[in-house]
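So you can see what is in the structure, the chains are spelled out below.
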Amino acid sequence: MTIAATDMKFYLSGGAANADPDLALGGAISSVQVGSSFFDDIGVSEAASGESEYRALFVKNTSATDTAYAVKVWIASNTEATSTALQIALADEGVANTIETIANEGTAPTGPTFDDAEDYANALSIGNLTAGQAHGVWVKRTVTATTAAYPNDTATLRVRADTA
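In short, a report on the structure. (Residues numbered from 1 in each chain as written. Predicted model: local features only at pLDDT ≥ 70, side-chain atom pairs only at ≥ 80, totals over all residues. Heavy atoms only, no water.)

**Things to note about the nonpolar core**
This is how the line gets drawn: Here the nonpolar core consists of buried residues drawn from Ala, Val, Leu, Ile, Met, Phe, Trp, Tyr and Cys, with membership extended through side-chain atoms lying within 4.5 Å. Burial classes follow relative accessibility: with a 1.4 Å probe on protein chains only, a residue under 20% of its type's maximum area counts as buried, one over 50% as exposed, and anything between as partly exposed. Under the DSSP-based scheme used, a helix requires at least four consecutive residues in state H or I and a strand at least two consecutive residues in state E, with every element numbered from the N terminus. The contact criterion used is simple: two residues touch if any of their non-hydrogen atoms lie within 4.5 Å.
Counting 25 residues, the largest nonpolar core has Met-8, Leu-57, Val-59, Val-71, Val-73, Ile-88 and Val-139 as its most contacted members. Breaking this core down by element, the ones donating at least two residues are strand S1 (8-13), strand S3 (51-61), strand S4 (68-77), strand S5 (84-95), strand S7 (124-129), strand S8 (134-143) and strand S9 (156-162). For this core, the element with the most residues is S4, which contributes five residues. Look past the residues within four positions of Val-71 in its chain and what remains in contact with it is Met-8, Val-59, Leu-124, Ser-125, Ile-126, Gly-127, Leu-129, Val-159, Arg-160 and Ala-161. By size, the runner-up hydrophobic cluster in this structure holds 13 residues, among which are Phe-58, Ile-99, Ile-102 and Ala-134.

Laid out in structure tokens, this is it:
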């Protein structure tokens, strides 16, 4: 059997039933997949002062039977606004369904090292995920001070795995 592209999915963190990306601050994997709005819009005050915000998600192998080998995650397209940028980091806990919980979106997780991971060649390597396993990924959004407000700023994360 082989891993299908649809077997590799992103899920929110923040507890089993969390459906609010603003509460995806680590903890247990949610049963809710990451949607198109992972961070809030950049408001006037955030744009003026600048800031870094953090969220946590999980990469999960949803195959019932097959192992995903050499799983990698990267930022396929970074934010549209030139005054914002994403970076990602693998959660230190490794393959687990619970990761560190941060106090609020402005608090960095302890330990992970953030990287631009700007394409597949520079992707972060998760390793193998057996059927049903997940690995936490932290996402950092940096907003440069004195920038203009920017609603609907988008970026794309990708995950890829090999088969046996």
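**Remarks on the sheet that holds S5**
Definition in use: Whether two strands pair comes down to DSSP finding at least two bridges between them. Note on geometry: axes are lines fitted to C-alpha atoms, helical ones only across the stretch in contact, with angles between N-to-C directions running from 0 to 180 degrees.
Strand order in the open sheet formed by six strands is S5-S8-S3-S1-S2-S6, and the pairing between neighbours is antiparallel. Two strands lie at the open edges of the sheet, namely S5 and strand S6 (98-101), each paired on one side alone. Adjacent strand axes in the sheet meet at a mean angle of 40°, parallel and antiparallel pairs treated alike. Bridge count for strand S2 (residues 26-33) against S6 is three bridges, and the pairing is antiparallel. Considered in S6, the bridge of Gly-26 is made with Thr-101.

**Looking at the sheet that holds S7**
The three strands are arranged S7-S4-S9 in an open sheet whose pairing can be described as antiparallel. Single-partner strands in this sheet number two, and they are S7 and S9. Strand-to-strand twist across the sheet, computed as the mean angle between neighbouring axes with direction ignored, equals 25°. Pairing analysis gives six bridges linking S4 to S9, with the strands arranged antiparallel. Bridge pairing in S9 places Trp-74 opposite Arg-158.

**Here's the deal with the packing of aromatic side chains**
Put simply, the rule reads: Centres within 6.5 Å make a pair out of two Phe, Tyr or Trp rings, where for Trp the six-membered ring is used; the pair is then stacked when the planes are under 30 degrees apart, edge-to-face when over 60, and tilted otherwise. Our definition puts a charge over a ring when NZ of Lys or CZ of Arg is within 6 Å of the ring centre and also within 35 degrees of the ring normal.
Under the criterion given, the structure shown has three aromatic pairs. Ring centres 5.5 Å apart and planes at 80° place the aromatic pair Phe-38 and Phe-39 in the edge-to-face group. Summarising the burial analysis for this pair, Phe-38 and Phe-39 share the class buried. One residue, Lys-60, lies across the ring of Tyr-11, its end atom 5.6 Å from the ring centre.

**Re the pattern of salt bridges**
Cut-off, in case you're wondering: One side-chain nitrogen of Lys or Arg within 4 Å of one carboxyl oxygen of Asp or Glu is enough to make a salt bridge.
Applying the stated criterion across every chain yields a total of four salt bridges. Asp-22 is the salt-bridge partner of Arg-55, the closest N and O atoms lying 2.9 Å from each other. A residue pair is termed long-range when its members are at least 10 positions apart, and Arg-55 in strand S3 and Asp-22 in the loop between S1 and S2 qualify at 33 residues. Between Arg-141 and Glu-53 there is a salt bridge, with its nearest N and O atoms 2.7 Å apart.

**Let's talk about unusual backbone geometry**
With a phi close to 35°, Ala-117 is a non-glycine residue in the positive phi region. Assessed through its relative accessible area of 1%, Ala-117 is described here as buried. Not every positive phi belongs to a glycine, and Thr-146 is a case in point at roughly 65°. Within the secondary structure, Thr-146 is located in the loop between S8 and S9.

**Concerning the side chain of Ser-63**
For clarity, the threshold we go by: Polar contacts, as used here, are pairs of N or O atoms within 3.5 Å; protein pairs need one atom able to donate a hydrogen and one able to accept it. Residues neighboring in sequence count only if both atoms are side-chain atoms.
Relative to the assigned elements, Ser-63 resides in the loop between S3 and S4. Under the relative-accessibility criterion, Ser-63 is labelled buried at 8%. Polar contacts involving the side chain of Ser-63 include one to the main-chain amide nitrogen of Thr-65, which spans 3.2 Å. In terms of polar contacts, Ser-63 uses its side chain to reach the backbone amide nitrogen of Asp-66, at 2.9 Å.

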